[in-house]
Amino acid sequence: MLILGSHVSFGKDQILGSTKEALSYGANTFMFYTGAPQNTIRKEINLDLLTEAKQLMKENNIEIENIVCHAPYIINLANKKDPTKWDFSINFLKQELKRCDQLGIKSIVLHPGSAVSYTKEEALENIVEALNLVLEKEYNCKILLETMAGKGSECGSSLEEIEYLLKNVKGSIGVCLDTCHLNDSGISIANFDDYLEEFEQRIGLNKIGCIHINDSKNELSSHKDRHANIGYGTIGFENLLHVIYHQKLENIPKILETPYVGENWESKEKKYAPYRFEIEMIKQKEWDQLLIEHINDYYK
Ligand code: FE
Ligand code: FE
Ligand code: ZN
């Protein structure tokens, strides 16, 4: 079955609000941050809202196992130059896992981290050490390391690095593929099957817990990380469909993190969520050439 959704907000109604937003897009899963992705201000989980959300999910065939959380960007396990910040990252991740367990969420996506002044080898070692500290306690929620574009000193932009992390972390962790990041890191989505085969041999497809479906604003190997709307970037609609409907990746949640759009492609103010339209074109397997017009008409 196609399990498809998008990034949604987790506002004052917490996961109930997220569920309603996902349903408004015609999605059967979603991804959320437990607060703003750029900061670590978090509210207590409200259990009444959770109960109501679970009821709504049940009525609409959303399986909670397919919902994904994303850890905030400011967690950086790779850099321990400032031990206070590194400890903060470790503790914050522990709290996120605890919140996910409270919610019944089974996976949380994490950017492995940026090396900053460390060498790649040292940085990977720092990540392993940090994850081993986080996983001293067991959680039901699993950490999924995201494949990165290789912007700046980002770790996790090659299969070798992801493999190293998975083999050296003591607890059970998985992987979240991101099509834009793969493209920007140098993996052509047009040859996705070659990548998947190598992934299968070196890591195992059972480790893939989520796939972020994004087109890319930049060329292959650009190391940029700028997402484009589906079919409006350098990857293209057909190549993305191939990943989305791949037989070997059935039942893995696919999450759109494509940009909001404005009145036109050039407008600076991005206010409309494209997801209901992108989800529809993926379901229809037909690219919507007039995406922006349809979005503008709908929200007007
Ligand atoms: Fe991410
Ligand atoms: Fe992503
Ligand atoms: Zn990205």
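Note that this is a predicted model, so its numbers are computed, not measured.

A. Representation of the nonpolar core within the structure. In terms of nonpolar packing, the biggest core is built from 89 residues, with Ile15, Phe32, Leu93, Leu131 and Ile143 touching the most fellow members. Not counting chain neighbours up to four residues away, the residues in contact with isoleucine 15 comprise Phe10, Phe30, Phe32, Leu50, Ala53, Met57, Leu103 and Ile105. Counting 7 residues, the second largest nonpolar core, distinct from the first, contains Val68, Cys176, Cys210 and Ile255.

B. Molecular detail of helix H9 (residues 275-284). Within the span of H9, buried status applies to Tyr275, Phe277, Glu278, Ile279, Met281 and Ile282. In this structure, the buried side of H9 is in contact with strand S1 (4-7), helix H8 (237-244), strand S10 (254-256) and helix H10 (291-299). One or two residues past the end of H9 sits lysine 285, with phi positive at roughly 55°.

C. A look at the coordination of the iron ion (ligand 2). Within the protein, the atoms that donate to the iron ion (ligand 2) are Glu146 (OE), Asp178 (OD), His212 (ND1) and Glu257 (OE), at distances of 2.0 to 2.2 Å. Given 4 donor atoms and angles of 81 to 168° at the metal, the environment of the iron ion (ligand 2) is assigned as irregular. Sequence positions of the residues that donate to the iron ion (ligand 2) give the spacing E-x31-D-x33-H-x44-E. Taken as an interatomic distance, the gap from the iron ion (ligand 2) to the iron ion (ligand 1) is 3.3 Å; glutamate 146 donates to each of them. One end of the pair, glutamate 146, is in strand S5 (residues 142-146); the other, aspartate 178, is in strand S6 (residues 174-178), with 32 residues separating them in the sequence. Of the two residues examined, glutamate 146 and aspartate 178, each falls in the buried class.

D. Up close: the coordination of the iron ion (ligand 1). The protein atoms donating to the iron ion (ligand 1) are His70 (NE2), His111 (NE2) and Glu146 (OE), with metal-donor distances spanning 2.1 to 2.3 Å. In primary sequence terms, the donor set of the iron ion (ligand 1) follows H-x40-H-x34-E. Owing to a relative accessible area of 1%, histidine 70 belongs among the buried residues under this scheme.

Reading the values: the criteria
Residues numbered from 1 in each chain as written. Chains lettered and ligands numbered in written order. Predicted model: local features only at pLDDT ≥ 70, side-chain atom pairs only at ≥ 80, totals over all residues. Heavy atoms only, no water. Core = buried A, V, L, I, M, F, W, Y, C linked by side-chain atoms within 4.5 Å. Buried < 20%, exposed > 50% of the residue type's maximum accessible area, 1.4 Å probe, protein only. Contact = heavy atoms within 4.5 Å. Helix = DSSP H or I, 4+ residues; strand = E, 2+ residues; numbered from the N terminus. Donors = N, O, S within 2.8 Å, 3.2 Å for Na, K, Ca; no water. Tetrahedral: all angles 85-135°; square planar, octahedral: opposite > 155°, others 65-115°.

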